[in-house]
Each structure stands twice: as structure tokens, then as C-alpha cells.
Amino acid sequence: MSNIRVGMIGYKFMGKAHSNAYRALPMFFPNVPKPEMKAICGRDPEGLEQARAQFGWESSETDWRALIARDDIDLIDINAPSDAHKEIALAAAAAGKHIFCEKPLALNLADSVEMLEAAEKVGIKHLVGFNYRFAPAVQLAKKLIAEGRIGKIYHFRGMFLQDFIVDPDFPLVWRLQKEIAGSGSLGDLGAHVIDMARFLVGEFQEVIGMNETFIKERPLPSAMTGLSAKGDKDAPRGPVTVDDATLFLSRFDNGALGSIEATRFAPGHRCTNSFEINGSKGSIKFDFERVNELQVYFTDDAADVQGFRRVLATDPAHAYSEAWWPPGHTIGYEHTFTHELHEFMLALSEDRQPVPNFHDGVACQAVLEAVDKSIEERRWVAISELR
């Protein structure tokens, strides 16, 4: 295919991450169509122009509808807050534009299904932003499982722990408002762990959960950008309408048992996105704060050397690593977005759906809603009840 002309809606935390990926892709992965950074879109003209110049976009739009209507745009990148995803995606699909949408796909399952159906009806390509799948160490975990090297899966235990809102005077950012974010730690952090579990272990069968909002009110912000915000602790306060922490148990279709925890109240944990998987022939462990490493244990090792081994996933044998640096020269968070974008561009050139796509976004949303339903009704909820 020829170059892919991109229009991006959103220009803060995820906007910067996506922009960096668009710029890096042609240098390190020249085998796929090159993204052309045509236009960036946002509501604040001053902030938008600063982002346009800093990130390297050709032009800007303050109305996303005008962006979608442009003839020089092939792909719409949606990284605006969650409450905007559905309306933008439906309009982009109607215009025949391919879509790259951040997670969670929508505010609820019904909206995510509507987005999927609209995209499928017109035959566009669609990707949902579960970037952590694309760490080479996670790809190695997938390979070991697919090859049967840790045997039948018995357990998945995952967690995403952060601490950025422990301070009760941290402002009431949009991520703490249900009408904008959809949910709190569950949808923002837990969605990544749910997707990781689906990617590595398989589909969820049933769940039961619990949650808590520890700080009920917070000061209204004077400014916010990404995960940071400014505000006066003596400012008027507004209600926190999402969960601060959610934990749930699960059973998978293949019989494996799971436990997942998502919280923003774990002091000392900046971005502990981790999992451990136990199988009949071994175990694997991953922690995003050590993104280049996978801990691996095999039961058939000789008794005198049994134990977890550290695999540094930076060799040419590991997914994506050959495109970057010599073995041992590690990569970071931003590279997962470049790999994610590589999958999208490769899929466009091969005329197939990229993975993960809106089907995966819908499946994740079903689990999120099942967990919420289980908490509300204080019982196990089968995923089939919602699908």
C-alpha cells in the first residue's frame, strides 16, 4: 500500500505516545506503509498548536467532524477521553476511515458493540489500544504458551498497581468521573490486565468482584494534562464517581482460575502491570516495570538447577527486537506503541484485520461489565449473561 494519511483526535498523554510511534515507525520498520501525520485535533487552539508543532503534525483542526470530512485522511486515531470514543468512531466508520481507538473501547458494552458493528458493516480496519501486548517479553510469554512449553494452564494472577491519587487533595481529574471515563481503576488499569489474560490464557467464563472508592470527594482542578493535574486543596470539591480499587476472581473457559487486582492506591507502585501464569510444565512471570524481562521456570530442568530464570527479551529471537538495538540494549514504554502501530500498518498492507481489534475491545468490555454486575449483585456472573 501507499502511505497512510493519519488524523489524530487528542493531543495529551496518549496523543504524545501515538505521535512518537508514528514518527519512529518508518525509521525502524520500513517494511510497512509509512504513516503521514496529516492533522491533529483538539478543542483548545493554543494547546493544540503547541502540540502540533512539538509532535510534528502538518496541520490542525479544532472540530473532529471537520477532520473526519477531510479527503486527505485515511485513518482516524482516537485518543480523546472515553466518553468521546463512540460518536467519533461511528462518524469515522460512516466516512470509510480506518480507526485506531484507545481503550477502553467505549463507556459500556452496548456502545462498544455498536462501534464494532458499524466498523464491520463498512469493512474498515480497526485496532484497539492494548499496547502492553506488544512488549517483546509478553510476546515471548505468548510463544511459550502456544508451543505448550509450560503445559496446561492452571492459574493466571494479574495486577495493575499505581499510586498517583493516594493524596486525598489530588484534584478531581476526568479519570475520576464516571460520565467521562466510564469506570475508574477497573476500566483504566484492569482493562489492560483483562486483555493480557485473554491474549495469553483464553476467554473468561465467569467472574466475581469487589471494589472501593476510598476518597469520596476531591478538589476541582484548575488544569489537567494526562495523569497530572493542578488545583488548590481548598478549592470546592466534587464527588468521585468511579472505583479507586477493584479486585475480582475469575474462571476461564479452559478451566484455569484467575485473580485480577487494579488499584491507584498502592504507594510505591508507579506502574506495576504484572502477571504470573502457572502451568503443568512450568511458570512465567512479567512485570512492566522491568519491561524487557520475562521470568521463566520449567519443571523438567535438572533438580540441581531448578528455579526461575531471567530471560532478557532483547535478542533477534524475540519479537520486534531485531528492529531496534543490539542484544541487551533495552527498550521502553514508548516502543510498545510503535509495535502496535506496526501491526496496524502491516495488517493494512496485507488486507486483514489487525489484532487486537474492536472484537477484543468488546470482549474486554463484557468482562468489565460482568465484574460491575457481580459487585452490584454480590454473586458470580457468567460472561454469557452479557454477550
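That block above? That's the structure.
The text that follows walks through the structure, step by step, so that each part is easy to find. (Residues numbered from 1 in each chain as written. Predicted model: local features only at pLDDT ≥ 70, side-chain atom pairs only at ≥ 80, totals over all residues. Heavy atoms only, no water.)

1. A short note on the overall build of the chain
Moving on, step 1. Within the chain, the regular secondary structure consists of 10 helices and 19 strands.
Moving on, step 2. C-alpha atoms of the chain, sized along the principal axes, occupy 65 × 50 × 40 Å.
Moving on, step 3. Expressed as a percentage of the 387 residues in the chain, the buried residues total 56%.
Moving on, step 4. Within the chain, contacts between residues separated by at least 24 positions form 70% of all contacts whose residues are at least 6 apart in sequence.
Moving on, step 5. Of the accessible surface of the chain, which amounts to about 16,400 Å², a share of 50% is contributed by carbon and sulfur atoms.
Moving on, step 6. Between the centroid of the 42 positive side chains of the chain and the centroid of its 55 negative side chains there is a distance of 2 Å. (Helix = DSSP H or I, 4+ residues; strand = E, 2+ residues; numbered from the N terminus. Buried < 20%, exposed > 50% of the residue type's maximum accessible area, 1.4 Å probe, protein only. Contact = heavy atoms within 4.5 Å. Areas by Shrake-Rupley, 256 points an atom, 1.4 Å probe, with all protein chains shown as cover. Lys, Arg positive; Asp, Glu negative; His and termini not counted. Charge placed at Lys NZ, Arg CZ, Asp CG, Glu CD.)

2. Observations regarding the pattern of salt bridges
Moving on, step 1. A complete count under the given rule lists 33 salt bridges for this structure.
Moving on, step 2. We note a salt bridge from Arg-133 to Asp-360, for which the minimum N-O separation is 3.4 Å. With Arg-133 in the loop between strand 6 (126-129) and helix 6 (136-146) and Asp-360 in helix 10 (residues 358-377), the pair connects residues that are 227 residues apart, well separated along the chain. The exposure classification of Arg-133 matches that of Asp-360, with both residues buried.
Moving on, step 3. In this structure, Arg-379 and Glu-377 form a salt bridge, with 2.7 Å as the shortest nitrogen-oxygen distance.
Moving on, step 4. The exposure class of Arg-379 is partly exposed, given its relative accessible area of 28%.
Moving on, step 5. By relative accessible area, Glu-377 is classed as partly exposed at 36%.
Moving on, step 6. Among the charged side chains, a network of salt bridges with common partners joins Arg-133, Asp-195, Arg-198, Glu-203 and Asp-360. (Salt bridge = Lys/Arg side-chain N within 4 Å of Asp/Glu carboxyl O.)

The quantities given are spatial measurements derived from coordinates; they are silent on function.
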